[in-house]
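Per-entry structural report
Okay, here's what each chain looks like letter by letter:
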Amino acid sequence: MSTNLQKVQPEQHSKLYWVLSDFAVLIKRSTVYIVRNMDQALSTVFMPIMFLLLFRYVFGGAIDTGPVSYVNFLFAGILVQSAAFGSTYTAIGVTTDIRRGIVDRFKSLPMADSAVLVGHTVTDLVRNTISSIIMVLVGFAVGFRPTASAWDWLIAFGILMLFTFAISWMSAIMGLLSKTIEGVQWLTFVFVFPITFISSAFVPTAGMPSALRAFAENQPVTHVIEAIRSLTIGTPMGNHGWLAAIWSLGILVVSYIVAVYIFKRRTAQ
Amino acid sequence: MKKNDYSIVAKGLKKSFGKLIVLDGVDIKVKRGTILALLGPNGAGKTTTVRIMATLLKADGGSVTIEGHDVSERPDKVRSVIGLTGQYAAVDEYLTGRENLRMIGRLYHLGKADVIRRTEELLEQFDLVEAADRTAKTYSGGMRRRLDLAASLIATPPVIFLDEPTTGLDPRSRLNLWDNIEKLAAEGTTILLTTQHLEEADRLANSIAVIDGGKVIAEGTADELKDKVGRERIQFTLETDADLKKAIKLVDGETLQVDEKRKSLSVVHDSGVYKLKDILEKFEKSKIRVANMSLAKPTLDDVFLQLTGHKATAENNNENGGKK
């Protein structure tokens with residue numbers, strides 16, 4: 001049999017070049033999902049709108065937020081909750097990749113180990129940015145009146161993204177530990193619901209029983225919410241900004257290390 | 001033979017998952033540019049062997065070198081010389097065929113121009129040009145397998161692992177995939193494929209290693225293995241004992257087997273139709289009445305029964321142990 005196969009050789013570049021290239025290739029892969037996977041597309045656009053409208057109009061009248069209007073109070077909370085939910089796509093994506101065998105393929109390639117995880121987590125940032133912009137626009141339409149300057153918005157966005165990234169990497173760990181796609185959905189659900197509801201997202205913490213209140217006021221999600229709330233509508237900042245940044249950064253670093261470690265071990269046991 | 005005539009050399013591979021011993025000293029050598037079929041039932045250790053060779057799993061003992069690179073010491077080197085196609089088509093459903101190939105090409109660290117050229121070549125070779133811009137989600141099982149195989153070839157690796165490449169495919173897709181595998185071998189690629197079907201091993205492989213219970217229990221060419229079991233046989237069942245007696249006298253030869261209870265006899269079918277016609281004519285002349293006639297190919301079960309004393313379709317199904 002005749003052969004006209006031209007052998008190809010890897011291109012010569014520095015190690016760093018290829019690590020960044022691997023990241024870029026897999027980020028591109030995962031971001032395509034936002035558009036092509038109908039589930040993701042719909043939840044990216046409609047979930048934030050639905051949450052905002054439900055809380056604004058169903059609970060809004062019954063919750064006393066003092067001098068601040070409920071829609072102004074609610075906005076930071078709903079923004080952070082929807083970012084936390086959006087970050088669970090990493091968990092689902094990672095479990096799906098393992099179940100479908102595509103991780104085996106990636107692992108057999110001369111690519112950076114963490115690139116699959118980076119692809120999913122960075123995509124969470126992109127998806128959450130889209131959701132957040134939609135939420136701001138819908139917020140304006142239903143009476144949200146922020147006092148923030150452009151600078152405040154930028155810092156608020158930075159805090160939100162740092163938090164999102166941290167949750168995404170935690171969610172990568174959940175994805176790596178789950179055996180089934182149903183399992184991982186359940187796991188992220190029981191994780192995100194309590195940490196976002198036992199916070200100052202939807203109601204002032206003052207009305208909670210003391211133990212719950214102590215948790216709610218000191219957990220990272222509340223600091224993130226209060227920081228963004230302060231930046232957008234001018235409530236007191238206190239230490240919330242710093243604490244939000246330090247918590248998020250800490251969770252991010254620890255989760256990254258743990259996730260990459262599990263990824264390597266799990267697939268090469 | 002010199003050591004570097006072999007692309008794949010595995011020595012004494014051992015692997016256990018908990019108390020379950022999956023590999024118990026597997027030795028395999030594959031000569032450069034040949035196809036070796038790893039033949040065995042579910043749970044024999046085929047997938048585990050491939051996963052260790054493809055750097056996805058660490059062995060508990062033993063060693064593997066691929067093109068001279070040790071899998072545990074230089075997995076990065078090994079990864080740049082292998083292509084892997086697993087049991088299920090590992091393609092990205094939401095990417096198109098073309099996007100899938102380009103993605104894998106870049107992850108093999110090929111240059112952009114090479115990636116584009118190879119992608120188009122492979123789409124052509126695997127008959128996927130028309131489907132190239134559709135997402136893989138819309139592909140049939142056969143198309144996915146072809147895309148999966150194409151992806152593992154994009155960097156023209158000298159060594160390819162195919163783990164049960166045709167499981168679940170319809171006969172036409174299977175033939176198509178076989179053609180492609182044969183072409184690869186003709187181009188000088190070393191291929192290790194696993195299969196549960198003797199027919200597949202027979203058609204494709206230069207040599208076959210039969211694996212059972214985590215050990216290679218027989219090795220050789222398809223013909224050598226079949227000789228151990230017996231080749232395709234023609235079997236006649238006759239109407240009466242008298243017919244059988246007469247028939248035995250007519251059909252002699254060393255491959256004759258007689259089952260008096262069933263009033264049947266069988267002979268090896270080497271010379272094909274000619275022999276069949278010859279026998280039938282003799283029977284007719286002697287007025288021997290044939291109740292039934294059938295052809296029987298040796299199956300994997302026959303090989304296994306012969307080699308191990310137990311059936312190939314073993315009750316244990318532990319092959320999946322390595323995928324957790």
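Residues numbered from 1 in each chain as written. Chains lettered and ligands numbered in written order. Predicted model: local features only at pLDDT ≥ 70, side-chain atom pairs only at ≥ 80, totals over all residues.

Side note on the overall build of chain B
- Broken down by element type, chain B carries 11 helices and 14 strands.
- The burial tally for chain B puts 44% of its 324 residues in the buried class.
- Partitioning the contacts of chain B with sequence separation of at least 6, the portion at a separation of at least 24 is 70%. (Helix = DSSP H or I, 4+ residues; strand = E, 2+ residues; numbered from the N terminus. Buried ≥ 20, exposed ≤ 12 C-beta atoms within 10 Å, placed from the backbone. Contact = placed C-beta atoms within 7 Å.)

As for the overall build of chain A
- When helices and strands are counted, chain A shows 11 helices and zero strands.
- For chain A, the succession of helices and strands along the chain, N to C, is α-α-α-α-α-α-α-α-α-α-α.
- Projected onto its principal axes, the C-alpha coordinates of chain A cover approximately 85 × 35 × 35 Å.
- Counting over 269 residues, chain A shows a buried share of 43%.
- In chain A, the proportion of contacts linking residues at least 24 apart, taken out of those at least 6 apart, comes to 80%.

Section: the sheet that holds strand β13 (residues 264-268) of chain B
Residue and element names in this part refer to chain B.
- Spatial strand order, β12-β13-β11-β14: four strands in an open sheet with antiparallel pairing. Every interior strand has two partners, whereas the edge strands, β12 (257-259) and β14 (290-296), have only one. Across the sheet, the axes of successive neighbouring strands diverge by a mean angle of 15 degrees, strand direction being ignored.
- Seen against the sheet, helix α9 (residues 241-250) touches β11 (233-238), β12 and β13 and runs at an angle of roughly 145 degrees to β11. (Pairing = 2+ DSSP bridges. Axes fitted to C-alpha atoms, helices over the stretch in contact; angles between N-to-C directions.)

Here we look at the interface of chain A and chain B
- Opposite the 30 residues of chain A that make contact, chain B presents 31 residues.
- The set of elements that each furnish at least two residues to the side of chain A that touches chain B consists of α1 (15-36) and α5 (102-107) of chain A.
- In terms of residues, the side of chain A that touches chain B owes the most to one element, α1 of chain A, which gives eight residues.

Here we look at the environment of Leu137 of chain A
- Structurally, Leu137 of chain A is set in helix α6 (residues 115-141).
- Separated by 100 residues in sequence, Leu137 of chain A and Asn37 of chain A place their C-alpha atoms 24 Å apart.

Remarks on the packing of helix α3 (residues 97-107) of chain B against helix α5 (residues 141-153) of chain B
Residue and element names in this part refer to chain B.
- With their axes 9 Å apart at the nearest point, α3 and α5 run at an angle of 25 degrees to one another. Judged by the inter-axis angle, α3 sits roughly parallel to α5. Where α3 crosses over α5, the two elements pack in a sense that is right-handed. Contact with α3, carried on its side by Gly97, Asn100, Leu101 and Ile104, involves Leu147, Ala150 and Ala151 of α5 and no other residues of that element.
- Broken down by class, the residue content of the contact of α3 with α5 amounts to five nonpolar, two polar and no charged. (Parallel < 35°, antiparallel > 145°, perpendicular 65-115°, else oblique. Left-handed = near helix turned anticlockwise from the far one by under 90°. Nonpolar A, V, L, I, M, F, W, Y, C, P; charged D, E, K, R; others polar.)

Notes on the packing of helix α4 (residues 89-99) of chain A against helix α8 (residues 181-197) of chain A
All names here are of chain A.
- Their axes nearest at 9 Å, the elements α4 and α8 cross at an angle of 165 degrees. By the criterion of interaxial angle, the relationship of α4 to α8 is roughly antiparallel. In the packing of α4 onto α8, the handedness of the crossing is right-handed. Note on element contacts: α8 touches α4 through Ile181, Val184, Gln185 and Thr188, opposite Ala91, Ile92, Thr95, Thr96 and Arg99.

Description of unusual backbone geometry
Residues and elements named next belong to chain B.
- Within the chain, Glu164 stands out as a residue other than glycine whose phi angle is a positive 45 degrees.
- Tracing the sequence through the fold places Glu164 in the loop between β7 (159-163) and α6 (171-186).
- Judged by the 22 C-beta atoms lying within 10 Å of it, Glu164 falls in the buried class.
- Phi at Lys287 takes a positive value of approximately 55 degrees, unusual for a residue other than glycine.
- Relative to the elements of secondary structure, Lys287 occurs in the loop between α10 (273-285) and β14.

Focus: the domain arrangement of chain B
- In terms of domains, chain B is made up of domain 1 (3-221) and domain 2 (231-297).
- Between the C-alpha centres of domain 1 of chain B and domain 2 of chain B there is a distance of 43 Å. (Domains from an automatic or database assignment.)

Quick look at the sheet that holds strand β2 (residues 20-31) of chain B
Residues and elements named next belong to chain B.
- Strand order in this open sheet of four strands is β2-β1-β4-β5, and the pairing throughout is antiparallel. Each edge of the open sheet carries a strand with a single partner, namely β2 and β5 (69-70).
- Pairing of strand β1 (residues 6-17) with strand β4 (residues 61-66) involves five bridges; the strand directions are antiparallel. Bridge assignment links Lys14 to a residue of β4, and that residue is Gly61.
- Helix α1 (residues 46-53) rests against β1, β2 and β4 of the sheet, and its axis sits at about 120 degrees to β1.

Re α5 of chain B
Residues and elements named next belong to chain B.
- Along its 13 residues, α5 runs 19 Å from first to last C-alpha, staying within 8% of the 18 Å computed at 1.5 Å per residue.
- Burial analysis of α5 places 11 of its 13 residues in the buried class, the great majority of the element.
- Turning to α5, its buried residues number three or more, namely Met143, Arg144, Arg145, Arg146, Leu147, Asp148, Leu149, Ala150, Ala151, Ser152 and Leu153.
- Those residues of α5 hidden inside the fold are in contact with β6 (82-85), α3, α4 (112-125), β7 and α6. (Expected span 1.5 Å × (residues − 1).)

Focus on the pairing of strand β3 (residues 35-39) of chain B
Residue and element names in this part refer to chain B.
- Most of β3 sits out of view: five of its five residues are buried.
- A two-sided burial pattern is seen for β3, the buried positions comprising Ile35, Ala37 and Leu39 on one face and Leu36 and Leu38 on the other.
- Bridge count for β3 against strand β9 (residues 207-212) is four bridges, and the pairing is parallel. Counted as the bridge partner of Leu38 is Ala209 from β9.

Observations regarding the environment of Arg146 of chain B
All names here are of chain B.
- By the element assignment, Arg146 lies in helix α5.
- For the pair formed by Arg146 and Asn180, sequence separation is 34 residues and the distance between their alpha carbons is 8.9 Å.
- Setting aside residues no more than four positions away along its own chain, Arg146 makes contact with Phe126, Leu128 and Leu177.

Concerning the nonpolar core
- In terms of nonpolar packing, the biggest core is built from 136 residues, with Val80 and Ile228 of chain A together with Ala37 and Met53 of chain B touching the most fellow members.
- Examining the composition of this core, we find that 13 residues originate from one element, helix α7 (residues 150-177) of chain A, more than from any other.
- Contacts of Val80 of chain A, omitting those with residues within four sequence positions, involve Leu160, Phe163, Thr196, Ala201, Val221, Val224, Ile225 and Ile228 of chain A.
- Core analysis: the second largest hydrophobic core is formed by nine residues, Ala247, Val251, Leu265 and Ile279 of chain B among them. (Core = buried A, V, L, I, M, F, W, Y, C linked by C-beta atoms within 7 Å.)

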